[in-house]
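Descriptive analysis of the structure
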Amino acid sequence: MKSVGLKRAGVIVAVVCLVLGFVLYWNLRTVTIEESKRKEETARKEPPRKPLRPGKLSWTLDEAMDAYARQRDNAYLQYVMLQLAHNEKRTPDVLERFPELNPGRGREAHRVDLFDLFSGYHSIQESLQLEVMLAGQKGEPDVTSAGKATPLPKLAGPAVKSHPWKTMVAGRKPNVSELSRCVPVDFYLIEFRTLTKLLDTVASAQDWMTYYRSQANLDGTSPPTRQRLRTQLLLDDGPAQRPFFDAIVHNVALAGSDPFVNEGSDVTMLFQFQSPDFFQSGIQQIQELVRKQHPHVREQKGQHLGVEYTALTTADRAVHLYYADPKTNLHIRSNSLVGLKRVLETTLGRASSLGDSAEFRYIRTLMPLGAAEEDGLIYLSDAFVRRLIGPATKITEARRLIGYNHLRMISHAAQMYRTQFGKAPKTLAELEQANCAPGKFNAGKLKCPFGGSYTLSEDGAFGVSSILGTAQFLTPCCELPTPDASAAEAEAYAQFLNDYERYWRTYFDPIAIRLQAAAKRIRVETLVLPLIDNSIYAFLGQVVGKQPEPLDHLPVPSRNLFSLNLCVNREALVQAISTSARLHRAKLARAVQGVTAPTTPAYPSNLPNLLWEDMKNVEALPSPLEDLDLNKFGLAQEKLDAFLERGIGNQVGLHFYDTQIMFDINLTQFIGSVFQMAARTPIAQTEDTAKGARLWGLVEAEGLAYAASSLIAPIYVAVPIKDATLVDNFLAHLDSVVVKASNLRSDDRLGVLRVSTDFYHLQNRPGLKVRAFGIRYGPLRYRIFWTRIGDGLYLTNQPYVLDDLHAAHARWLKTGSSPPGPAGHALMRIRPEHWNKALEGYKLGWAENNREACQRNQSMLSAAARAFSASPPVSMLARDDKDRERLIFDYAKKMYGVDFACPDGGEYVLEADGKTCRCTVHGTLDQPIQANAPAKNSPVGHLMRDFKDLHATLTILPEGLRAVVVMERK
Ligand SMILES: [Zn+2]
């Protein structure tokens, strides 16, 4: 028994020892492993993180709905939500929560307009996707295959007329650039003096776009177009290369056949230079440097019309360069062989060029080549606009949009598959079998509209079309086969054309924009040609008078924030209300009456005599004064006439003061939304259609908020004067009139609130005669103050404005006159140096917009992270967390086709859960952080700090309406 006990004890001891030993060994091993790990990690400075379990990140329908609720313009979230709802048969739940997705809300509101001139790819894709997701493949037949097909050339194009360019040029021979003579007449042209000027302009435009996107659209993304083109063309335009281009290249031009540069378009660059050897060796050097980063570039040679060209391409079109040197001083590089060939044909004189066209020559008589105001010119020709809305481009582009939607849907399906299963899909069929797609790709509504086939990219992340390429860069329209139009397409196009011709234009107008770019100053000028027989234009010309004048010559107080100055054709106005003019109009009216009155027997023989008899006792029509009954208060017509004829000048200015903002209004967004609505609403529709009503509703609602705030906010009206004594006399005469008028009383209908008026001289400053007129409505008061200071007559709603104006005038007398300001017929000027107080009120609003734009990015990045965090290739390629984060964000960029940047300069970090994206400035979606003001290095911050001046002038000239915008930075 004992021995058994001993034996058992021995076994127990042995087992315990074994366990202890194992534990000890294990611990030791763990310690050493962890030590070596720690060593590695101190090198990387990264905390340890558990590997993610596959499927851990998968979506539930409720999660997807919450994510979509946060960002309703995210097409990927829309896809995931609708697909999950379909799988779980809960589509009605989704439609109940998001009624805007409901097709039951009317076919009209839901129809996707593929021909809409202003919708972006993004929003059209979202609508196309929604249609497929809700209807499935069983829905209506595809527009591209319905009905009988018509070859495109048989479809009628726009019948809009062209200006009579030849007559307009009238034999003049203005200079045109060599490069403009190499560009086809139906291509757009952007030509610059130097590459640096072009790049500076692009950089400036990008700054403004970033600002506009983040503030007006609350969007922190930007299209990576510039980088993409640089890579495709194997060019480096960095600061290191600028001296080379500046020294050797004389002129540079960009040209292409359509404006869809962000989505995929042909872009051709033309360089003109003096020393061919220097240029060729330089450009080859740059090209080789960039080429080194892309090992799979294929090189080929070819010939077109006897000119040899070189092709450097990769299969995914990331590098896609065709270049040729048709002349010793001309180098052409294009990202499209079709584009290159068109330019070569034009260069060799086989096709008509833009530079030789009558319309371009006419524009060059108005905007001469080599003018100081021109560093660059952007030109969209009559032929370019005509082709753009012609049936071939429109229908090809509409089909390309359908294909683009399919490619995006394949990407969405693949990312959903990754998220749900933690692995990459291998084939498109797998996506459908796993319930990640609404149907079979390459079939039914998901068939390529150009007859190509879709496949999944090698990494199982994106769709690839045998004809359209990828969603990151679609095959340019000019390279696509021209399809036959289906009956549905032909009908839709006819409808589009009908709308276009009815509402938009009677003539095609080319668009010419002249740019002057310096480091701190950008000047943009455009000319809108007058439409022939345009009565509105003629009327405008009459209202503003003939001669443009300097428009900003009165002194301005230091809190003047915004000015609007207008020229008024005073002579014409005075003449129109003069006694003789009124008598003339009365006689005319009587004559008309005499002829048409049935009681007078009118025969041609006795007509003049009869009329003459009738004219003897005609009296002049009543003057505006009599109409307003102002003479009742003793206002003398001759004093008013003298005041108008000789007292005041030809301008009137409305000035807004720097003030604490009462209502928080997103001005940029307001202007943006009005602009977008206006652009979508043809002029003829503004008055009577639903679109027009919406536009006016918007203007009214937001305009009302402004009007309400301007009742309190200080504003003033300034009228430059010609004769101070005359004006003073008239103001003194006016006093007696206003005193009489100030005794008016009237009760409102209920007899509760009384309207009364009030007049007095305000003891304001010595030497300043300030008059005040008040209106009281019950407890409310509104006052107007007016006086003459120096050469200006001023009206304002706040008396201290007059003090400021007086002080500004005194300063002005001491320092001498300031520059008279730009000349024109109308001037709008923002004075950023004065906007201290107003700025305080805006800062928080701007910062909030920045945060919202950032959160939109976070939502997109987070959805992408769920897909890529735990699935290959990221899970296989990433060596550490930092690596993984970079890879995931790279995939996110490709997936959405945009770059992400926090508008306040924050960095994006992926949290350990593999799906939460945190901004170092704004926190996470669940715990957002907000600063009081936008960051100093944000676009808005830059704007606040550097923005010096912005003014826009309009001048009405016989040759057209000239608009100039100048922006200056400190
Ligand atoms: Zn941020």
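Here the structure is a predicted model, which means the values were calculated and not measured.

Criteria and thresholds
- Residues numbered from 1 in each chain as written.
- Predicted model: local features only at pLDDT ≥ 70, side-chain atom pairs only at ≥ 80, totals over all residues.
- Heavy atoms only, no water.
- Helix = DSSP H or I, 4+ residues; strand = E, 2+ residues; numbered from the N terminus.
- Buried < 20%, exposed > 50% of the residue type's maximum accessible area, 1.4 Å probe, protein only.
- Contact = heavy atoms within 4.5 Å.
- Areas by Shrake-Rupley, 256 points an atom, 1.4 Å probe, with all protein chains shown as cover.
- pLDDT = per-residue confidence, 0-100.
- Axes fitted to C-alpha atoms, helices over the stretch in contact; angles between N-to-C directions.
- Left-handed = near helix turned anticlockwise from the far one by under 90°.
- 1 Å grid on protein atoms, 1.4 Å probe; cavity = no way out; pocket = protein on both sides within 12 Å on 5 of 7 lines; lining within 4 Å.
- Points joined across faces, edges and corners; volume = space filled by probe spheres on them.
- Nonpolar A, V, L, I, M, F, W, Y, C, P; charged D, E, K, R; others polar.
- Phe/Tyr/Trp six-rings, centres within 6.5 Å; stacked < 30°, edge-to-face > 60°.
- Lys NZ or Arg CZ within 6 Å of the ring centre and 35° of its normal.
- Disulfide = S-S within 2.5 Å.
- Arc of directions from axis to C-beta.
- Pairing = 2+ DSSP bridges.
- Salt bridge = Lys/Arg side-chain N within 4 Å of Asp/Glu carboxyl O.

Describing the overall build of the protein
On a plain count of helices and strands, the protein comes out with 31 helices and 33 strands. The proportion of buried residues among the 970 residues of the protein is 47%. The long-range fraction of contacts in the protein, counting pairs at least 24 apart against all pairs at least 6 apart in sequence, stands at 72%. Put simply, the protein shows about 48,400 Å² of open surface, and 58% of that area lies on carbon and sulfur atoms.

Observations concerning the confidence of the model for the protein
Low pLDDT marks stretches whose predicted atomic positions should not be read closely. Residue-level pLDDT values for the protein average 81, and 78% of them are 70 or greater. Predicted confidence is poor over residues 1–7, with pLDDT under 50, and the contacts of this stretch with residues over four places away or in other chains come to 0 contacts. Low pLDDT, under 50, characterises residues 682–688; the predicted model gives this stretch 12 contacts beyond four residues in sequence or across chains.

Topic: the packing of helix 8 (residues 195–216) against helix 31 (residues 939–946)
In contact at an axis separation of 9 Å, helix 8 and helix 31 are set at 120 degrees when each is read in the N-to-C sense. Considering the relative orientation of helix 8 and helix 31, their crossing is left-handed. Contact residues: helix 8 offers Trp208, Thr210, Tyr211 and Gln215, while helix 31 offers Pro939, Val940 and Leu943.

Regarding the layout of surface pockets
The volume enclosed by the second largest pocket comes to roughly 1,500 Å³. As for the second largest pocket, its lining consists of 39 residues, and the residues nearest its centre are Asp316, Arg317, Ala318, Gln472 and Lys894. Counting residues per element, the ones that place at least two in the lining of the second largest pocket are helix 9 (225–232), strand 12 (463–465), strand 13 (469–470) and helix 30 (881–896). In terms of residues, the lining of the second largest pocket owes the most to one element, helix 30, which gives 6 residues. Considered class by class, the residues forming the lining of the second largest pocket number 11 nonpolar, 17 polar and 11 charged.

Concerning the packing of aromatic side chains
Think of a pair of aromatic rings as described by two things: how far the centres are apart, and how the planes are tilted against each other in angle. Per the stated rule, a full pass over the model turns up 23 aromatic pairs. With a centroid separation of 5.0 Å and 55 degrees between ring planes, the pair formed by Tyr417 and Phe421 is classed as tilted. Placement of the pair is Tyr417 and Phe421 together in helix 15 (residues 391–421), with a separation of 4 residues, close to one helical turn. The class for Tyr417 is buried, based on a relative accessible area of 3%. In this structure Phe421 comes out as partly exposed when scored by relative accessible area, which is 38%. Feature note: the residues Phe244, Phe245, Phe271, Phe273 and Phe279 constitute an aromatic cluster, connected by ring pairs. Over the face of the ring belonging to Tyr323 we find Arg333, whose NZ or CZ atom lies 5.5 Å from the ring centre. The residue whose ring lies beneath Lys394 is Phe496, and the NZ or CZ to ring-centre distance is 4.9 Å.

Side note on the environment of Asn175
Note that Asn175 resides in the loop between helix 7 (165–169) and strand 2 (188–192). Each C-alpha atom of the pair Asn175 and Gly370 lies 8.8 Å from the other, and the pair is 195 residues apart in sequence. Aside from chain neighbours lying at most four places away, what touches Asn175 is Arg364 and Leu369.

A closer look at the state of the cysteines
The final tally for this structure, using the stated rule, is 0 disulfides. Cysteine Cys478 shares no disulfide, and the gap to the nearest cysteine sulfur, in Cys477, comes to 7.7 Å. The class for Cys478 is partly exposed, based on a relative accessible area of 28%.

Description of helix 31
The α-helix advances 3.6 residues per turn, and as a result positions three or four apart in sequence lie on the same side. Considered for burial, the residues of helix 31 that qualify are Val940, Gly941, Leu943 and Met944. Seen from one end, helix 31 has its buried residues packed into an arc of 160 degrees, which puts them on one side.

With respect to the pairing of strand 2
The side chains of a regular strand alternate, residue by residue, between the two faces of the sheet. Burial runs high along strand 2: 5 of the 5 residues are buried. Neither face of strand 2 is exposed, since Tyr188, Ile190 and Phe192 on one face and Leu189 and Glu191 on the opposite face are all buried. With 5 bridges connecting them, strand 2 and strand 4 (residues 249–256) associate as antiparallel partners. Residue Phe192 lies in a different strand from strand 4, and its bridge partner there is Val252.

Looking at unusual backbone geometry
With phi around 45 degrees, Leu234 is a residue other than glycine that occupies positive phi space. Structurally, Leu234 is set in the loop between helix 9 and helix 10 (242–248). Relative accessible area serves as the criterion here: at 0%, Leu234 is assigned to the buried category. Of note, the phi angle at Leu305 is positive, near 50 degrees, even though the residue is not glycine. Counting through the fold element by element, Leu305 comes out in the loop between strand 6 (298–304) and strand 7 (307–313). For Leu305, a relative accessible area of 35% corresponds to the partly exposed category.

Examining the pattern of salt bridges
Two side chains with opposite charge may pair up if their charged atoms get near one another. What the rule picks out here adds up to 47 salt bridges. Linking Arg242 and Asp200 is a salt bridge whose minimum nitrogen-to-oxygen distance equals 3.8 Å. In this pair, Arg242 sits in helix 10 while Asp200 sits in helix 8, placing the two residues 42 residues apart along the sequence. The shortest N-O distance in the salt bridge between Arg831 and Asp552 comes to 3.2 Å. Here Asp552 lies in the loop between strand 18 (549–550) and strand 19 (560–567) and Arg831 lies in the loop between strand 28 (826–830) and helix 28 (836–868), a separation of 279 residues in the sequence. As far as burial versus exposure is concerned, Arg831 and Asp552 are alike and both buried. Each of the salt bridges in this network shares a partner with another, and the network as a whole consists of Asp62, Glu88, Arg90 and Asp93.

What to know about empty space enclosed by the protein
One pass over the full model with this rule turns up 5 cavities of 30 Å³ or more. In this model, the largest cavity occupies a volume close to 100 Å³. As for the largest cavity, its lining consists of 14 residues, of which Leu551, Leu554, Asn565, His655 and Ala718 are closest to the centre. Ranked by the residues each element gives to the lining of the largest cavity, the list is headed by strand 20 (residues 651–657), at 4 residues. Estimates place the volume of the second largest cavity at around 70 Å³. Surrounding the second largest cavity, Asp758, Tyr760, Ala772, Phe773, Gly774, Ile775, Arg776, Arg781, Tyr782 and Arg783 form its lining. The set of elements that each furnish at least two residues to the lining of the second largest cavity consists of strand 23 (754–762), strand 24 (770–777) and strand 25 (780–789).

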